[in-house]
Amino acid sequence: MKKHIITLLLLVVSSPFFAQSVFDQFEGIAGVDAITINKKMFDLMSKVKLDASDKETTQYMSLIKKIDNLKVYRTQNERISIQMRLTAEKYAKTAGLSELLSTFEGGKRVKILAKQGGSETQLKELLLFVEGSKTEDTVLMSITGDFDLNEVPALTDKMKIPGSAELRKVGKN
């Protein structure tokens, strides 16, 4: 009995260390492109020597030091797109994310949600969901860390992630 209790305690205590993101379900699925970058990679990227005279590059380098995790999922599959939207909506409610922007133009739905940090533009988490029409990509992006919203478009521009124009609008407001 004592062994069972100890085993159960070890499982409960260790589970946060092995916990996966709710969005990991989209990795390895045919028709979904997935990019996952963790803190270790961002640490390595921050050590790369780039032209510090360029303001956008400086902003980019500053931001990557503050990010813990970046996940991007992209698909044109309508069924998976719907599942991404439902998963993002459910996650936003359970994680306590607030909506920063919601638009629907030309068949494209864009939602930007966030969990604020210490100041008005300081974020702990950012969730971007772009639901494209039947011929456009649906993109789900999650960024965690301790970063400023105004810095995020520099990252999404450099990585060519859809939705950076919408992020720029939110950052200015």
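Throughout what follows, the structure given in this document is the object of discussion. (Residues numbered from 1 in each chain as written. Predicted model: local features only at pLDDT ≥ 70, side-chain atom pairs only at ≥ 80, totals over all residues. Heavy atoms only, no water.)

## Looking at the side chain of E125
Argument step 1. Assignment of secondary structure puts E125 in strand β5 (residues 122–131).
Argument step 2. The buried charged residue E125 lacks any salt bridge partner; its closest oppositely charged side chain belongs to K115, at an N-O distance of 4.4 Å.
Argument step 3. At 2.5 Å, the side chain of E125 and the side chain of Y91 are in polar contact.
Argument step 4. With residues near it in sequence (within four places) discarded, E125 still touches Y91, L97, L113, A114, K115, S142, I143, T144 and F147. (Helix = DSSP H or I, 4+ residues; strand = E, 2+ residues; numbered from the N terminus. Buried < 20%, exposed > 50% of the residue type's maximum accessible area, 1.4 Å probe, protein only. Lys, Arg positive; Asp, Glu negative; His and termini not counted. Salt bridge = Lys/Arg side-chain N within 4 Å of Asp/Glu carboxyl O. Polar contact = N/O pair within 3.5 Å; in protein donor to acceptor, adjacent residues only side chain to side chain. Contact = heavy atoms within 4.5 Å.)

## Structural notes on the nonpolar core
Argument step 1. With 26 residues, the main nonpolar core has L126 and I143 as its most contacted residues.
Argument step 2. Contacts of I143, omitting those with residues within four sequence positions, involve I67, N69, L70, K124, E125, L126, V152 and L155. (Core = buried A, V, L, I, M, F, W, Y, C linked by side-chain atoms within 4.5 Å.)

## Let's talk about the environment of Q116
Argument step 1. When you line up the elements, Q116 lands in strand β4 (residues 108–116).
Argument step 2. Under the relative-accessibility criterion, Q116 is labelled partly exposed at 48%.
Argument step 3. Beyond its immediate sequence surroundings of up to four residues, Q116 is in contact with Q122, L123 and K124.

## Considerations on the packing of helix α2 (residues 39–46) against helix α3 (residues 55–64)
Argument step 1. One can describe the packing of α2 onto α3 by two numbers: an axis separation of 8 Å at closest approach and a directional angle of 145 degrees. The two elements α2 and α3 meet at a crossing, and its hand is left-handed. On α3, the residues touching F42, M45 and S46 of α2 are Y60, M61 and I64.
Argument step 2. Here the residues of the contact of α2 with α3 sort into five nonpolar, one polar and no charged. (Axes fitted to C-alpha atoms, helices over the stretch in contact; angles between N-to-C directions. Left-handed = near helix turned anticlockwise from the far one by under 90°. Nonpolar A, V, L, I, M, F, W, Y, C, P; charged D, E, K, R; others polar.)

## Description of helix α4 (residues 78–95)
Argument step 1. The first and last C-alpha atoms of α4 sit 25 Å apart over 18 residues, in line with the 26 Å expected at 1.5 Å per residue.
Argument step 2. If you check which residues of α4 are buried, you get I80, S81, M84, R85, T87, A88, A92 and A95.
Argument step 3. Those residues of α4 hidden inside the fold are in contact with β1 (32–38), β2 (67–75), β4, β5 and β6 (138–148).
Argument step 4. Regarding α4, its N-cap is N77, as a side-chain oxygen of that residue lies 2.9 Å from the backbone nitrogen of R79 further along.
Argument step 5. With its phi angle positive at about 70 degrees, G96 sits one or two positions after the end of α4. (Expected span 1.5 Å × (residues − 1).)

## Some thoughts on the packing of aromatic side chains
Each aromatic ring pair is described using two quantities: the centre-to-centre distance and the angle formed by the ring planes.
Argument step 1. Counted under the stated rule, the structure contains two aromatic pairs.
Argument step 2. Ring centres of F23 and Y91 lie 5.1 Å apart, and the angle between their planes is 70 degrees; on these two criteria the pair is classed as edge-to-face. With F23 in the loop between α1 (2–18) and β1 and Y91 in helix α4, this pair connects stretches of sequence that are 68 residues apart.
Argument step 3. Assessed through its relative accessible area of 1%, F23 is described here as buried. (Phe/Tyr/Trp six-rings, centres within 6.5 Å; stacked < 30°, edge-to-face > 60°.)

## Describing the pattern of salt bridges
Argument step 1. This structure, assessed with the given rule, holds nine salt bridges.
Argument step 2. Across the pair R74 and D137 runs a salt bridge, and its minimum N-O distance is 3.4 Å. Here R74, found in strand β2, pairs with D137, found in the loop between β5 and β6; they are 63 residues apart in sequence, far enough to count as distant.
Argument step 3. Overall, D137 belongs to the partly exposed group, its relative accessible area being 28%.
Argument step 4. Between R109 and E131 there is a salt bridge; the shortest N-O distance is 3.2 Å. Of this pair, R109 sits in strand β4 while E131 sits in strand β5; the two residues are 22 residues apart in sequence, bridging distant segments of the chain.
Argument step 5. Using a relative accessible area of 28% as the deciding quantity, one classes R109 as partly exposed.
Argument step 6. Under the relative-accessibility criterion, E131 is labelled buried at 11%.

## Considering the side chain of D148
Argument step 1. Here D148 is to be found in strand β6.
Argument step 2. K66 provides the closest opposite charge to the buried, unpaired D148, separated from it by 6.7 Å.
Argument step 3. With residues up to four places along the chain from it excluded, the contact list for D148 reads T121 and Q122.

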